[in-house]
Amino acid sequence: MARPDPEARVLPLDTIMSGDCVAAMNALPENSVDLIFADPPYNLQLRGDLHRPDNSKVDAVDDHWDQFESLKAYDAFTRRWLEAARRVLKPDGAIWVIGSYHNIFRVGTALQDQGFWLLNDVVWRKTNPMPNFRGKRLTNAHETMIWASKSETSRYTFNYEAMKALNEGVQMRSDWTFPICTGHERLKNARGEKAHPTQKPEALLHRLLVATTNPGDVVLDPFFGTGTTGAVATMLGRHFIGIEREEEYRQLAAERIARIRTLPAAALETTTSKRAEPRVPFGQLVERGMLRPGEELQSGNGRHRAKIRADGSLTGDGIKGSIHQVGAAYEGAPSCNGWTYWHFKREGKSVPIDTLRQQIRDEMAN
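What counts, and where the lines are drawn
Residues numbered from 1 in each chain as written. Predicted model: local features only at pLDDT ≥ 70, side-chain atom pairs only at ≥ 80, totals over all residues. Heavy atoms only, no water. UniProt positions renumbered as here; feature names shortened; annotations may be inferred. Salt bridge = Lys/Arg side-chain N within 4 Å of Asp/Glu carboxyl O. Helix = DSSP H or I, 4+ residues; strand = E, 2+ residues; numbered from the N terminus. Buried < 20%, exposed > 50% of the residue type's maximum accessible area, 1.4 Å probe, protein only. Contact = heavy atoms within 4.5 Å. Lys, Arg positive; Asp, Glu negative; His and termini not counted. Pairing = 2+ DSSP bridges. Axes fitted to C-alpha atoms, helices over the stretch in contact; angles between N-to-C directions. Polar contact = N/O pair within 3.5 Å; in protein donor to acceptor, adjacent residues only side chain to side chain.

If you look the protein chain up in an unreviewed UniProt entry, it shows as Methyltransferase from Jannaschia rubra. Under the Catalytic activity (unreviewed entry) heading, UniProt states for the protein chain: "a 2'-deoxyadenosine in DNA + S-adenosyl-L-methionine = an N(6)-methyl-2'-deoxyadenosine in DNA + S-adenosyl-L-homocysteine + H(+)". Its UniProt record, at the heading Sequence similarities (unreviewed entry), says of the protein chain: "Belongs to the N(4)/N(6)-methyltransferase family."

**What to know about the pattern of salt bridges**
Tallied over the full model, the rule gives twelve salt bridges. A salt bridge links Lys126 to Glu143, with the nearest nitrogen and oxygen atoms 2.8 Å apart. Taken together, the residues span a long stretch of sequence, with Lys126 in strand β4 (residues 117-126) and Glu143 in strand β5 (residues 142-149) at a distance of 17 residues. Accessibility assignment for this pair places Lys126 and Glu143 in one class, buried.

**Here's the deal with helix α6 (residues 228-235)**
Most of α6 sits inside the fold, with seven of its eight residues counted as buried. Those residues of α6 not exposed but buried are Thr228, Thr229, Gly230, Ala231, Val232, Ala233 and Thr234. Those residues of α6 hidden inside the fold are in contact with β2 (33-38), α5 (202-212), β7 (218-221), β8 (239-244) and α7 (247-258). Where α6 ends, the next residue or the one after it, Gly237, has phi of about 75°, a positive value.

**A few points about the environment of Glu255**
Tracing the sequence through the fold places Glu255 in helix α7. Spatially, the C-alpha atom of Glu255 lies 9.4 Å from that of Thr226, the residues being 29 residues apart in sequence.

**Observations concerning the environment of Lys194**
Of note, Lys194 is situated in the loop between β6 (175-178) and α5. Accessibility expressed as a relative area gives 24% for Lys194, which makes it partly exposed. Sequence spacing of Lys194 and Thr182 is twelve residues, and the spatial spacing of their C-alpha atoms is 9.5 Å.

**Quick look at the side chain of Lys150**
Looking at the element boundaries, Lys150 is found in the loop between β5 and α4 (160-166). No salt bridge forms around the buried Lys150; measuring N to O, its nearest opposite-charge neighbour Glu30 is 6.0 Å away. Beyond its immediate stretch of four places on either side in the chain, Lys150 contacts Asn31, Arg86, Arg87, Leu89, Lys90, Pro91, Gly93, Gly115, Phe116 and Trp117.

**Observations concerning the sheet that holds strand β14 (residues 349-352)**
Strand order in the open sheet formed by six strands is β12-β11-β10-β9-β13-β14, with antiparallel pairing between adjacent strands. Of all strands in the sheet, those with a lone pairing partner are β12 (319-321) and β14, marking the two edges. Ignoring strand direction, the axes of neighbouring strands in this sheet form an average angle of 35°. Two strands pair when backbone bridges link them, and strand β9 (residues 296-299) and strand β10 (residues 305-308) are joined in this way by three bridges, in the antiparallel orientation.

**Details of the environment of Glu202**
Within the secondary structure, Glu202 sits in helix α5. Accessibility expressed as a relative area gives 27% for Glu202, which makes it partly exposed. Spatially, the C-alpha atom of Glu202 lies 7.8 Å from that of Thr229, the residues being 27 residues apart in sequence. Residues in contact with Glu202, not counting those within four places in the same chain, are Glu185, Thr228, Ala231, Val232 and Arg256. At a separation of 3.0 Å, a polar atom in the side chain of Glu202 contacts the side chain of Arg256.

Structure (structure tokens):
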């Protein structure tokens, strides 16, 4: 019997780690997290104060954690944290990084240099962006997210059908429209000020996590801030690991997440593709007596009939073959989905054979 490795490190699930993100990630086990969402400093390089037309001061992002002495220093920082992130990500894991025009192009280059495989860039279009108060540029009304797998061969998670369901049955696009974080969702500190200048809306993380994770997955956020990732992950039945060096943010995030309750398991189920479901051959319906050899099937339009044979094939009008082949031959088509084409009679009603396949799949899931 193998002895446990005393050096083995356990994942600190649903925990906010303190300190530098690179050191904290390097303290985690290698190949251990499913997804990383990173909202790193943008290096906005602000020069002087911003004022509104009424001369009131804008609470802009001028915090010390967003200050870098040069682009070279910012690039070095980006390479360090991406290297640590890549190490901790599972082989089939993926990463999301969000940024503005100040930094996202530099981050994209660093991602590719590290060996990540870019999947999409997603534009978050803000319905209520902050105006350009100096009137010298266009209103900056969007941010960009880069979605990348750990490598070109990674079998990353993408819940395509769930995204279609969120979008009323239409394929989800790479431009997402959400308001910036305001109102009751915007956290305030003890002084009544907004707690974090770049708090992300929960709606953004909801879509992202439903799209690219499954219940039980581990989501790492190395720039945790006030805990939006942890709050949404907890609600959706995912585990989170947060890393944040600012004590005030850690405290606010912990209080916020403590108020979150995970949704019931049934509510966490999402629409899946038929291709992702277990394969059930038509012959299995015959073997189990759900349909009998010699029983007649008819096409959904009622024009064609075929009889079931003991090996699960069909025969009719001199045509023999699978449920798909015989259906295609009758229709003169290159292909046919026999599961939806063929029906059987029960109590005088015409029932698609696919209902029997789904019964077996439901049994396999329980």
